[in-house]
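What follows is each chain in one-letter form.
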Amino acid sequence: MPNVEFFDYLCGGIRMFESLKRIIPAVLAGLLAVSAPPAAHAQLDAAALLRAQQRGENTNLYGTNPFETQDEEGELQDTTKKERRIRKPLESYFFNDSIRALPNFVYHVDREYNRVKIGPIDTALTDFRIDYPFYEKGVGDAPIGGLGQASIPLDYFERPASFDFGFADPYHVYLYRMENVPFYNLKKPMIRFTYLESGQKRYREENFHVMVAQNISPSTGFNVNYKSRSTRGKYDWSRTKNHNLAVGFNHTGKRYSVHAGYINNHIERQENGGVVGEWAIVDTTFDMATGVPMRLSEAQAKNVYRNNAFFIEQSYGIPLAPVTERDFSIAGLPAVFIGHSFEYNAWSRVYTDYNVPYVNERGHKDDAGNFVPDTISYYKNWFINPLETRDSTYERVISNRFFVQAQPWDRNGVVGTIDGGIGIDVHTYSQFSLGDYLTGKSTKENKTSIFAYGSVEGKIRRYVDWGADFKFYPSGYRSGDLSLGAHIALTGYIRQRPLILQGSFLQERRSPTYWQEHLYSNHFIWSTPLDKEDETRFEVKFSVPSMAFEAGFTEGVISRKIYYDNDSNVAQKNGSVSLTSVYARKDFRFGGFHLDNRVLLQWSTDQEVVPVPLLSAYLSYYYEFWVVRDVLRLQAGLDGRYNTRYYAPGYNPAISQFYNQREVEVGNYPYVDLFVTAKWKRMRIFLKYQHVNMGLFGNGEYFAVARYPLNPGMFKMGISWGFYD
């Protein structure tokens, strides 16, 4: 029967297993006795092996390796193992010993000089609650809306004045440029992931950032940074997509260094033109913010920006004294550095709209005092096409800089470095013109600018840091432009706590940009030569870092200031305008309570040319404490922003510029956020209710830019998580 046969097979298997249990140990013992050398099989306990190793005897239980050879002294060498290469430490002259000791740090390169600017990697809880980039610095910017959208700094001296492609200036806080592409030096690979979101799905703001960085060796690394800041819009026709990518490679050797990067900036923005009237925000209640009537929503105005850039900067150090084993780097030796910087940077912008007027339901009042609607066209002129617009502008700059840096004695000496260089910028501009109707192609115009520049810097121990620089365009495009600058920092110490007094001077003569002199579009046309601007600026600042205190004074005089007037046309002042600003920051701390204060006072001698608010302030009051010691730390409090009433700039989508409107005043409204942030080990957590005071207090005019309302109340949340190794 099958069951009996199975039982017989099972019994036989058990008997065979019992036999193998007796045979296998005997076989193994015999093999060990045959193969083991006499010195080993005599005694196999651990104590005997240790004594044999101390006497230098062979303790290999399995005999001598036939691939091992003996050197002249009789020691065995393993020829099968490849000698391990010793990794060189970070020997670059850019970094001192205190910087090398850091577990990780980030830095940025200077496009013209053989220098880097070093800073910490932001993983702290401080200011993590500030999710809008245009609020991060000083008292912040005046934005036209929410995340990813245009803004202008409230501090005049912080406003961008880039010569290249000024159409992108309103998005300066989002853009990657050669100067702000990060490079990292890490002991371990790092990945950082940040995701913040707010509002309902159909109106959601999303802030996504991922950073991947790794050092192949102590001196060589690469990184990828990608940021996506977008909003579907609380108001009608305000969807924005803002994508920014930076890829970097860096090598900082003992003599040779190279930094290379690729940049891609892409912005898509639906332009609603602002509200049809302030009444739609101040004294009218809509069920949803999307019901607020906007001036360009029916016209479907839109801006699309594209930017691609590549750069590489190289330098090589030639020591002028012998390099000994004691010289960890050449930073302390006389040396000469030669280098080259190259950048390709191309920008394009396309603006589109349809000729659809908007209706202001409270356009004017009749004799009986009743409101009468007005039908208004946002743009006065339609030069090319009376039905729709498609304006395209393009700009490309190819830059080359050749520089030499002399290090007379020590990089941190009284005269640390003396720099000099020459540069060549080749500009290409393209836009539609009437002649293009015949050729079918956009006209391109090329311009070349040649310039020389130089600087000198030095230190006197840890007490004095000074420098001076110049830049001059002798011929070609921008001929006659000149920049002279100088700075000094004096540091004293009380109980090893620094007190820093800084001063700086700047004198500039600069040409108008190409687009300020030449523009041909459907709504605006100008071709007018403008004079050069002259600006003189003095700045004094005193700070005590240990007390979180800083105070500064800046005075500027600008002659022949170029600006955009009330009709958004380019204009130039025939004369001078003076700007004065006083800035103070003091963070008080009482136990776990923090009272952080930033205040800015500004005066302009001509508000029609340079409008600024008298007072701007950012106040942050919160309580910070350990929930679980060294594990979970929490912040909870309020952020508030405020500026006095003034004729704030307007924003014109067709030229992507802020202009000096003189129709409505903006200000005297506090904008308050309630927040809770926490750090749990390597994770930061973010909770906020933005504009918590909406409808509770304030004059209801929550505008920072004329006719562009700030976002109404919304809840936000998110995380930032860092991964190492």
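Residues numbered from 1 in each chain as written. Predicted model: local features only at pLDDT ≥ 70, side-chain atom pairs only at ≥ 80, totals over all residues. Heavy atoms only, no water.

**Things to note about the packing of aromatic side chains**
- Enumeration according to the criterion identifies 44 aromatic pairs in this entry.
- Aromatic ring contacts, followed pair by pair, group Tyr93, Phe94, Phe95, Phe105, Tyr107, Phe183, Phe311 and Phe337 into a single cluster.
- One Lys or Arg, Arg462, reaches over the ring of Tyr493 and ends 3.9 Å from the middle of that ring.
- Geometry around Phe451 places Lys471 over its ring, the cationic atom sitting 4.6 Å from the centre. (Phe/Tyr/Trp six-rings, centres within 6.5 Å; stacked < 30°, edge-to-face > 60°. Lys NZ or Arg CZ within 6 Å of the ring centre and 35° of its normal.)

**Description of the sheet that holds strand β7 (residues 183-186)**
- Within the open sheet, the 3 strands sit side by side as β4-β3-β7. Their pairing is antiparallel. Each edge of the open sheet carries a strand with a single partner, namely β4 (116-119) and β7. Across the sheet, the axes of successive neighbouring strands diverge by a mean angle of 30°, strand direction being ignored.
- Bridging between strand β3 (residues 104-109) and β4 involves 4 bridges; their strand directions are antiparallel. Looking at β4, one finds that Val109 is bridged to Val116. (Pairing = 2+ DSSP bridges. Helix = DSSP H or I, 4+ residues; strand = E, 2+ residues; numbered from the N terminus. Axes fitted to C-alpha atoms, helices over the stretch in contact; angles between N-to-C directions.)

**Some thoughts on the pairing of β3**
- Where β3 and β7 come together, 4 bridges link them in antiparallel fashion. Paired with Tyr107 across the strands is Phe183, a residue of β7.
- The antiparallel hairpin formed by β3 and β4 contains 6 residues in its connecting segment.

**Concerning the side chain of Asn265**
- Tracing the sequence through the fold places Asn265 in strand β12 (residues 256-271).
- From its side chain, Asn265 meets the backbone oxygen of Tyr176 in a polar contact 3.0 Å long.
- In contact with Asn265, other than residues within four places in its own chain, are Leu175, Tyr176, His243, Asn244, Tyr305, Arg306, Asn307 and Trp347. (Polar contact = N/O pair within 3.5 Å; in protein donor to acceptor, adjacent residues only side chain to side chain. Contact = heavy atoms within 4.5 Å.)

**Here we look at the confidence of the model for the protein**
- Model confidence for the protein is summarised by a mean pLDDT of 89, while 88% of its residues fall at 70 or above.
- Overall, residues 1-14 carries pLDDT values under 50, and its contacts beyond four positions in sequence, including any with other chains, amount to 0 contacts.
- Confidence drops under pLDDT 50 across residues 23-47; counting only partners more than four residues distant or on other chains, this segment forms 13 contacts. (pLDDT = per-residue confidence, 0-100.)

**Observations concerning the pairing of strand β19 (residues 443-460)**
- Here strand β18 (residues 417-431) runs beside β19; their pairing, made up of 15 bridges, is antiparallel. Considered in β19, the bridge of Gly423 is made with Phe451.
- Linking β19 back to strand β20 (residues 464-476) in an antiparallel pair, the connection comprises 3 residues, with Arg461 at a positive phi of about 50°.

**A look at a positive patch on the surface**
- Residues Lys201, Arg232, Arg239, Lys241, Lys302 and Arg306 make up a contiguous surface patch of positive charge.
- Within the fold, Lys201 resides in the loop between β8 (190-198) and β9 (205-217).
- Lys201 gets classed as exposed once you look at its relative accessible area, which sits at 57%. (Patch = residues over 30% accessible without salt bridge, like charges linked within 9 Å, V, L, I, M, F, W, Y side chains within 5 Å. Areas by Shrake-Rupley, 256 points an atom, 1.4 Å probe, with all protein chains shown as cover. Salt bridge = Lys/Arg side-chain N within 4 Å of Asp/Glu carboxyl O. Lys, Arg positive; Asp, Glu negative; His and termini not counted. Charge placed at Lys NZ, Arg CZ, Asp CG, Glu CD. Buried < 20%, exposed > 50% of the residue type's maximum accessible area, 1.4 Å probe, protein only.)

**So, the pattern of salt bridges**
- Under the criterion given, the structure shown has 39 salt bridges.
- With its nearest N and O atoms 2.9 Å apart, the salt bridge here joins Asp587 to Arg585.
- The structure contains a network of salt bridges with shared partners spanning Asp131, Glu205, Asp673, Lys688 and Lys716.

**A word on unusual backbone geometry**
- The phi torsion at Asp127 lies on the positive side, around 65°, for a residue other than glycine.
- Take Asp127: it is sitting in the loop between β4 and β5 (141-143).
- With phi around 45°, Phe165 is a residue other than glycine that occupies positive phi space.
- For Phe165, a relative accessible area of 2% gives the class buried.

**A short note on the nonpolar core**
- Counting residues in each nonpolar core, the largest one holds 68 residues, and the members touching the most others are Tyr171, Tyr305, Tyr379 and Tyr651.
- Non-local contacts of Tyr379, meaning those with residues more than four positions away in its chain, are made with Leu296, Tyr351, Asp353, His523, Phe524, Asn652, Pro653 and Ala654. (Core = buried A, V, L, I, M, F, W, Y, C linked by side-chain atoms within 4.5 Å.)

**Observations regarding the side chain of Arg111**
- Within the fold, Arg111 resides in the loop between β3 and β4.
- Among the polar contacts made by the side chain of Arg111, one reaches the side chain of Glu343 at a distance of 2.5 Å.
- Setting aside anything within four residues of it in sequence, one finds Arg111 in contact with Met178, Glu179, Glu313, Ser341, Glu343 and Arg401.

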